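Notes for the structure review
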Amino acid sequence: MSTDTIAAIATPPGRGGICVIRVSGPDVRAIAKAVAGFCPGPRYATLSRFRDASSSSGANNIIDEGIALYFPAPNSFTGEDVLELQGHGGVVISDMILNSVLQAGARMARPGEFSERAFLNNKLDLVQAEAVADLIDAGSRQAARAALRTLEGEFSGQIRTLLEELVSLRTYIEASIDFVDEEIELLQSGDIKAKLDGLVATTDRITASAGRGCVLREGLHLAIVGRPNAGKSSLMNALSGRESAIVTDIPGTTRDVIREHIVIAGIPVQVHDTAGIREGAREIEEEGIRRARDILTSADLVLWVHDDTTDMRRHEYEKYQADTLIIVRNKIDRSGRSPGKQVEEGLPMVALSTQTRQGLELLRQEILRAARVGSYQENDFSARRRHLQALEKTGTYLLRARTKLEEQLNTGSGSELLAEDLRLAQNTLNEISGEFTTDDLLGKIFTGFCIGK
Ligand SMILES: Nc1nc2c(ncn2[C@@H]2O[C@H](COP(=O)(O)OP(=O)(O)OP(=O)(O)O)[C@@H](O)[C@H]2O)c(=O)[nH]1
Ligand SMILES: [Mg+2]
């Protein structure tokens, strides 16, 4: 339990119907008395007058009138005594109430400190605490639903089941090491191979789901590149349904990177329209081209837009990674090609017209396929890149354990190395839920939260 009491404004800054000041820690009851005049009964919304705790003069130290709520430990979000003061929403009023709470003995909370305390008091595991922040930041309805599912324990539950199976297998193998004579028989009789295969398959399934969860949360970065005048800006406008980029028949219209946020089948996509790439461009255009190349290095997926009435030159696009590149043959209303999707020299190609919109839906499907996210599934949960990395690492250890087991059954070598890989897999999985974490990691995670959360 913490020894100090923290406070923050939990509502967003600006004007609003109400503001909420949240206080958590051992001094909550005393602070309630100093600010609201009394400590309300547990979980009763109680009308009270909030005072300026720094001033001692009677009636004229009233700041606001509002609702005070008291949640005694351990039945609160943080697991500590919590006080919530709901005042009138306004920048000045909320600051004054917060100041009064600070005068009465609390200190300003750091970003994410309420959630961090909830984690430290076992109210949430790390995955769930992160889901709180993801729910707040959700960029699409599906992302919000996925974050809620994680918060409710869907992801943690799957990790826990995987851990239990892993631990029971590990215990069996470690025990067999002590019986040198029967070791091989023990390993064979325990059907270790089948169990290990099962663990690998489950890890793969959770990893795939977490991959989708990661894309749902972070969104997909899609870069549109190509020669000047190919119709890149027209394509971005067609995908987003907004005329956000200027379209003209003058080559070199787009000089800077233009970003649009769109949603395809529930997946948030950040689209970057860029300056047409060509040799011998003038200075401003040159800078635009440099920025276009920068975007290319961080994009998950690249669309190479080509004017289908002109010749296609392979060397222009082949330098971009093949598995993240889609060729778009645009302006088929002029070239006479039919809309369609096919593989051309090993690369996915979609023929479309941004003007008539023929073929546009095919491109949307291709984007989802190429990004390997498929469409959003009803039971998907939100996940973060660190979860995905830990799951991938777990998968690698398990596969390595699988190879060691094979070797061992063939050559009769000891099981120590096999046991060691399982131990590493277990530690890596534990990092996800926070049972095995360093303070560094915790610091990094919680400082990404907003204040008051
Ligand atoms: N017929 C036809 N014209 C198109 C199509 N798509 C774009 N255009 C035209 O092609 C010209 C260039 O379009 P933009 O979208 O500005 O091309 P861009 O690739 O962004 O060009 P830069 O920004 O200069 O690199 C405009 O005159 C568009 O109207 C299409 O599908 N069919
Ligand atoms: Mg353009």
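Keep in mind the model is a prediction, meaning the values are calculated, not measured.

In any sheet, the strands associate via hydrogen bonds between backbone groups, in a parallel or an antiparallel arrangement. Spatially, β3-β4-β5-β2-β1-β6 is the arrangement adopted by the six strands of the open sheet, whose pairing is mixed. The two strands at the open ends of the sheet, each matched to only one other strand, are β3 (46-51) and β6 (107-108). Pairing of strand β1 (residues 6-9) with strand β2 (residues 18-24), which is carried by four bridges, proceeds in the antiparallel orientation. What sits directly across from Ile9, in β2, is Ile21.

In this section: the layout of surface pockets. Space inside the largest pocket adds up to approximately 530 Å³. As for the largest pocket, its lining consists of 29 residues, and the residues nearest its centre are Gly231, Ser234, Val247, Thr248 and Lys331. Mapped by element, the contributors of at least two residues to the lining of the largest pocket are α9 (232-240) and α12 (332-335). A breakdown of the residues in the lining of the largest pocket according to their chemical character gives seven nonpolar, 15 polar and seven charged.

With that out of the way, let us pick up the packing of helix α8 (residues 192-218) against helix α14 (residues 385-411). Across the interface, α8 lies against α14 with an axial gap of 9 Å and an inter-helix angle of 165°. In terms of their interaxial angle, α8 and α14 are classed as roughly antiparallel. When the axes of α8 and α14 are compared, the crossing they make is left-handed. The residue makeup of the contact of α8 with α14, split by class, is 14 nonpolar, five polar and seven charged.

Turning our attention to the packing of α14 against helix α15 (residues 416-433). As a packed pair, α14 and α15 sit with axes 8 Å apart at the nearest point and diverge in direction by 165°. Comparing the axis directions of α14 and α15 gives the class roughly antiparallel. Between α14 and α15 the crossing geometry is left-handed. In terms of residue class, the contact of α14 with α15 is made up of 13 nonpolar, four polar and six charged.

Bringing the pattern of salt bridges into the picture now. Note on pairing: side chains with opposite charge can pair once their charged atoms come close. Scanning the entire structure with this criterion turns up 37 salt bridges. A salt bridge links Arg314 to Glu345; its shortest N-O distance comes to 3.1 Å. Of the two residues, Arg314 is situated in helix α11 (residues 314-317) and Glu345 in the loop between β12 (340-344) and β13 (347-351); the sequence distance between them amounts to 31 residues. Of the charged contacts in the structure, one is a salt bridge between Glu344 and Arg329, with a shortest N-O distance of 2.8 Å. One end of the pair, Glu344, is in strand β12; the other, Arg329, is in strand β11 (residues 325-330), and 15 residues separate them in sequence.

Split into domains, the protein chain comes out as domain 1 (6-122), domain 2 (141-215 + 382-447) and domain 3 (219-370). A C-alpha centroid distance of 43 Å is found between domain 1 and domain 2. With five residues of domain 1 in contact, the opposing surface of domain 2 contributes five residues. With both sides pooled, the region where domain 1 packs onto domain 2 buries about 450 Å², and carbon together with sulfur makes up 75% of that total. In this assembly, domain 1 and domain 2 are joined by zero salt bridges. Counting every contact that joins domain 1 to domain 2 gives zero residue pairs in polar contact (both at pLDDT 80 or more). The residue inventory of the side of domain 1 that touches domain 2, partitioned by class, reads two nonpolar, two polar and one charged.

Distances from the magnesium ion (ligand 2) to its protein donors, Ser233 (OG) and Thr254 (OG1), fall at 2.0 to 2.1 Å. Here Thr254 lies in the loop between α9 and β8 (258-264) and Ser233 lies in helix α9, a separation of 21 residues in the sequence. Among the residues examined, Ser233 registers a relative accessible area of 8% and is labelled buried.

Now for a nonpolar patch on the surface. Side chains of Val91, Val92 and Met96 sit close together on the surface and give an oily, nonpolar patch of about 260 Å² of accessible area. Following the sequence through the fold, Val92 ends up in helix α2 (residues 91-103).

In the vicinity of ligand 1, 23 residues are found, and the nearest of them are Lys232, Ser234, Gly252, Thr253 and Thr354. Between an oxygen atom of ligand 1 and a side-chain N or O atom of Ser233, the distance comes to 2.8 Å. In the model, a nitrogen atom of ligand 1 is placed 2.7 Å from a nitrogen or oxygen of the Thr354 side chain. Against a free-state accessible area of 660 Å², the protein chains account for coverage of 91% of ligand 1. For ligand 1, the cavity whose grid points lie within 2 Å of the majority of its atoms is the largest pocket.

Attention now moves to the pairing of β13. Residues in a regular strand project their side chains so that they alternate between the two faces of the sheet. With respect to burial, β13 is a largely interior element, five of its five residues being buried. Because side chains alternate across β13, one face comprises the buried residues Leu347, Met349 and Ala351, and the other comprises Pro348 and Val350, equally buried. Relative to β13, β11 runs parallel, the two being bridged by three bridges. Opposite Val328, over in β13, you have Val350 as the bridge partner. As defined by bridge partners, β12 adjoins β13 across five bridges and the pair is classed as antiparallel. Residue pairing in the sheet places Gln342 in a bridge with Met349 of β13. Following β12, the chain reverses through two residues before pairing antiparallel with β13; Glu345 in that reversal takes a positive phi of roughly 45°.

Criteria and thresholds
Each residue is numbered by its place in its chain's sequence as written, counting from 1. The order in which chains are written sets their letters, starting at A; the order in which ligands are written sets their numbers, starting at 1. This being a predicted model, a pLDDT of at least 70 is required before a residue's local features are given, and a value of 80 or more before pairs of side-chain atoms are given or counted; all residues contribute to the totals for chains, interfaces and linings. Excluding hydrogens and water, the side-chain figures rest on all heavy atoms present in the structure. Two strands qualify as a pair provided DSSP detects at least 2 bridges between them. Where helices and strands are cited, they refer to DSSP runs of H or I of at least four residues and of E of at least two residues respectively, numbered from the N terminus. Buried and open spaces are told apart on a 1 Å grid over the protein atoms alone, a cavity being a set of points where a 1.4 Å probe fits but cannot get out and a pocket being an open set with protein on both sides within 12 Å along at least five of seven lines. Residues with an atom within 4 Å of a point are the lining residues. Grid points are joined across faces, edges and corners, and a volume is the space filled by probe spheres set on the points. In the scheme used here, Gly and all other residues not listed as nonpolar or charged are polar, with Ala, Val, Leu, Ile, Met, Phe, Trp, Tyr, Cys and Pro taken as nonpolar and Asp, Glu, Lys and Arg as charged. Inter-axis angles, ranging from 0 to 180 degrees, are taken between N-to-C directions of lines fitted to C-alpha atoms, where helices are fitted over the stretch in contact. We call two directions roughly parallel when the angle between them is under 35 degrees, roughly antiparallel when it is over 145, roughly perpendicular when it lies between 65 and 115, and oblique otherwise. A crossing counts as left-handed when the near helix is turned anticlockwise from the far one by less than a right angle, and as right-handed when that turn is clockwise. What counts as a salt bridge is simple: a side-chain nitrogen of Lys or Arg found within 4 Å of a carboxyl oxygen of Asp or Glu. What marks off one domain from the next here is an automatic or database domain assignment. In this description, contact between two residues means that some pair of their heavy atoms is separated by no more than 4.5 Å. Note: buried area is the sum, over both parts, of the accessible area (probe 1.4 Å) each one loses when the two are combined. We call two N or O atoms a polar contact when they sit within 3.5 Å, provided that within protein one can donate a hydrogen and the other can accept it, with sequence-adjacent residues counted only if both atoms are side-chain atoms. Note: metal donors comprise N, O and S atoms at 2.8 Å or less from the metal (3.2 Å for Na, K and Ca); water molecules are not included, so apparent gaps in a site are possible. Partly exposed describes any residue whose relative accessible area lies between the buried limit of under 20% and the exposed limit of over 50%, with all areas from a 1.4 Å probe on protein chains only and scaled to the type maximum. Each patch is built from residues lacking any salt bridge and having more than 30% relative accessible area; the joining distance is 9 Å for like charges and 5 Å for nonpolar side chains (Val, Leu, Ile, Met, Phe, Trp, Tyr). A 1.4 Å probe and the Shrake-Rupley method give the accessible areas. Residues count as covered only by the protein chains that appear here. For this description, a residue counts as near a given molecule or strand if any of its non-hydrogen atoms is within 4 Å of it. Each molecule is checked against the cavity or pocket grid, and it sits inside if more than half of its atoms lie within 2 Å of the grid points.

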